[in-house]
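Fold and contact review
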Amino acid sequence: MILSKEELLNVTGGDFTITATFLNALSRGVSTIADLGRSLGSAIRRIVSGSICPIS
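Figured I'd write up the structure that's included with this text. (Residues numbered from 1 in each chain as written. Predicted model: local features only at pLDDT ≥ 70, side-chain atom pairs only at ≥ 80, totals over all residues. Heavy atoms only, no water.)

Some thoughts on the overall build of the chain
Within the chain, the regular secondary structure consists of two helices and zero strands. Scored against the burial criterion, the 56 residues of the chain give a buried share of 0%. A total accessible area of about 5,500 Å² is found for the chain, and carbon and sulfur atoms account for 65% of it. Charge-centre separation for the chain: the mean point of 5 positive side chains lies 29 Å from the mean point of 4 negative side chains. (Helix = DSSP H or I, 4+ residues; strand = E, 2+ residues; numbered from the N terminus. Buried < 20%, exposed > 50% of the residue type's maximum accessible area, 1.4 Å probe, protein only. Areas by Shrake-Rupley, 256 points an atom, 1.4 Å probe, with all protein chains shown as cover. Lys, Arg positive; Asp, Glu negative; His and termini not counted. Charge placed at Lys NZ, Arg CZ, Asp CG, Glu CD.)

Here it is in structure tokens:
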């Protein structure tokens, strides 16, 4: 299909819709960030309290 210059200027994209896949990916990302924060906080707490298992 060959479009004229005027027709090309009037071409618009699709609407932005939030899909279930996007929401699922977003929730997994938030969950991953929360897990990383929890792990980091636990590691810092163990270092500060000195309850780290010694390396043999």
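Quick notes on the environment of I47
Tracing the backbone shows I47 in helix α2 (residues 20-49). Along the sequence, I47 and L36 sit 11 residues apart, while their C-alpha atoms lie 16 Å from each other.

What to know about α2
The end-to-end C-alpha distance of α2 is 43 Å, a good match for the 44 Å that 30 residues give at a rise of 1.5 Å each. Looking one or two places after α2, you find G50, whose phi comes out positive at around 75 degrees. (Expected span 1.5 Å × (residues − 1).)

Let's talk about the pattern of salt bridges
For the coordinates displayed, the defined rule picks out one salt bridge. Salt-bridge contacts for R38 lead to D35; the nearest nitrogen and oxygen are separated by 2.7 Å. One end of the pair, R38, and the other, D35, are both in helix α2, three residues apart, so they sit about a helical turn from each other. (Salt bridge = Lys/Arg side-chain N within 4 Å of Asp/Glu carboxyl O.)

Focus on a nonpolar patch on the surface
On the surface, F16, I18, F22, L23, L26 and V30 cluster together into a nonpolar patch covering about 660 Å² of accessible area. Within the secondary structure layout, F16 lies in the loop between α1 (5-9) and α2. With a relative accessible area of 72%, F16 lands in the exposed category. (Patch = residues over 30% accessible without salt bridge, like charges linked within 9 Å, V, L, I, M, F, W, Y side chains within 5 Å.)

Quick word on the environment of T32
As for its position among the elements, T32 is in helix α2. Considering only alpha carbons, one finds T32 and I47, 15 residues apart in sequence, at a separation of 23 Å.

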